[in-house]
Amino acid sequence: MAESKAHKVTLIPGDGIGPEVTQAVVRILEATGVRFEWERFAAGAEAFEIFGEYIPAALYQSIERNGVALKGPVATPIGGGFKSINVTLRKRFDLFANFRPIKNLPGLETHWPGVDLIIVRENTEGEYLGLEHEVVPGVVEAIKVITEKGSTRIAKFAFEYARKHGRKKVHSIHKANIMKLSDGLFLRCARQVAEGFPDIFYGEHIIDNTCMQLVMNPYQYDTLLLENLYGDIVSDLCAGLVGGLGLVPGANLGVNCAIFEAVHGSAPDIAGKDIANPTALLQSAVLMLRHLNEEAAADRVHKALETVYAERKTLTRDVGGTAGTSQFADAVLKAMG
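Broken down by element type, the protein carries 11 helices and 12 strands. Over its C-alpha atoms the protein spans a radius of gyration of 20 Å, differing by no more than 12% from the 20 Å that the globule rule assigns to 337 residues. Taken along the three principal axes of its C-alpha coordinates, the protein extends 55 × 50 × 45 Å. By residue count, 53% of the 337 residues in the protein fall in the buried class. A separation threshold of at least 6 residues defines the contact pool for the protein, and within that pool the share at least 24 residues apart is 73%. Counting every atom, the protein has about 15,600 Å² of accessible surface; 54% of that belongs to carbon and sulfur. The centroid of the 35 positive side-chain charges in the protein is displaced by 4 Å from the centroid of its 40 negative side-chain charges.

Moving on to empty space enclosed by the protein. If you walk through the whole model with that rule in mind, you get two cavities of 30 Å³ or more. Each pocket or cavity is described by its volume, and for the largest cavity that value is around 40 Å³. In this structure, the largest cavity is lined by Val-87, Arg-90, Lys-91, Arg-121, Asn-123, Thr-124, Glu-125, Tyr-128, Leu-129 and Asn-228. Here the lining of the largest cavity gets three residues from one element, more than from any other, and that element is helix α4 (residues 85-92). Of the residues that constitute the lining of the largest cavity, the class distribution is three nonpolar, three polar and four charged. Within this model, the second largest cavity holds a volume of roughly 30 Å³. For the lining of the second largest cavity, the leading source of residues is α4, giving three residues. Of the residues contributing to the lining of the second largest cavity, the split by class is three nonpolar, two polar and three charged.

Before going further, it helps to spend a moment on the environment of Glu-37. Topologically, Glu-37 is positioned in strand β2 (residues 36-40). Accessibility expressed as a relative area gives 39% for Glu-37, which makes it partly exposed. Between the alpha carbons of Glu-37 and His-7 there is a distance of 6.0 Å; along the sequence they are 30 residues apart.

It is at 10 Å that the axes of helix α1 (residues 18-30) and helix α11 (residues 325-336) come closest, and there the two elements cross at 15°. Here α11 runs roughly parallel to α1, going by the angle between their axes. For the crossing formed where α1 meets α11, the hand is right-handed. Contacts between α1 and α11 involve Glu-20, Val-21, Ala-24, Arg-27 and Ile-28 from the first element and Thr-325, Ser-326, Ala-329, Asp-330, Val-332, Leu-333 and Met-336 from the second. Across the contact of α1 with α11, the residue classes tally to seven nonpolar, two polar and three charged.

Rules used throughout
Residues numbered from 1 in each chain as written. Predicted model: local features only at pLDDT ≥ 70, side-chain atom pairs only at ≥ 80, totals over all residues. Heavy atoms only, no water. Helix = DSSP H or I, 4+ residues; strand = E, 2+ residues; numbered from the N terminus. Rg over C-alpha atoms; globule rule 2.2 N^0.38 Å. Buried < 20%, exposed > 50% of the residue type's maximum accessible area, 1.4 Å probe, protein only. Contact = heavy atoms within 4.5 Å. Areas by Shrake-Rupley, 256 points an atom, 1.4 Å probe, with all protein chains shown as cover. Lys, Arg positive; Asp, Glu negative; His and termini not counted. Charge placed at Lys NZ, Arg CZ, Asp CG, Glu CD. 1 Å grid on protein atoms, 1.4 Å probe; cavity = no way out; pocket = protein on both sides within 12 Å on 5 of 7 lines; lining within 4 Å. Points joined across faces, edges and corners; volume = space filled by probe spheres on them. Nonpolar A, V, L, I, M, F, W, Y, C, P; charged D, E, K, R; others polar. Axes fitted to C-alpha atoms, helices over the stretch in contact; angles between N-to-C directions. Parallel < 35°, antiparallel > 145°, perpendicular 65-115°, else oblique. Left-handed = near helix turned anticlockwise from the far one by under 90°.

Below, the structure is given as structure tokens:
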């Protein structure tokens, strides 16, 4: 029997705890029996020190060539410095769909057990285009851009995902009562797409009310469809329902390329101490396996991860345990058999 072809994947370990959690996840992925060829690259401040640029040209070329990347957290300076690496990569490769499933892990007590949400965020438009300028001293203008094309394709993504995976409801989240043209266009596109999916309930909620509803009763929602800024905020809020950003996966999906990433910060204060939790990146890697049509391996890793959490014997400090990063990875490997 011929040996299976290796998946070529661009690997960006990132800053702070990034290299540690990435190493743990790579160990687990390689234990599945799926073959990988990793192309490793620095990005952000580390890359600038080495190459004089925050995203090396070779990194762009690798992602374009491979079509898939796994990325650890990369720090972005606040209020100055270089632009967000995440936003730059999303725009460069037209990764229009930010996909974040929100689901409880077994064994972790939260205020809201049994949460099962899908956050679908438009990933290339809105305020995150970064179109800002100073009009006069003391007055800054930021431009929000919403297009029919961008709004329609993210709505189609949400509804197609919902139908394929048996989800029952899609809610568009907006502020069209105030931003009547921009958010109004987003809603019109979503409504037009919804007409082609009569089997799925379609609803609309205003963003501020949605935030309140989520912390009062998250079970009323299923799939949430949001513009870029709203999606960024709500996806983090929803992560809090199940234990925080250190536990949830993230995927940036386009037509020809996909980047799977940890959505938490680089946590420089605990870097190099072997205490960081690799769960978020591991969950993202499970999404990557499914993207690569390695369903059996994805199921195996996910089941092992849930087993470790359910047993509660080898968890990291952020979720009430005492295990280190490598020890946690060892426990997942053991659970995989």
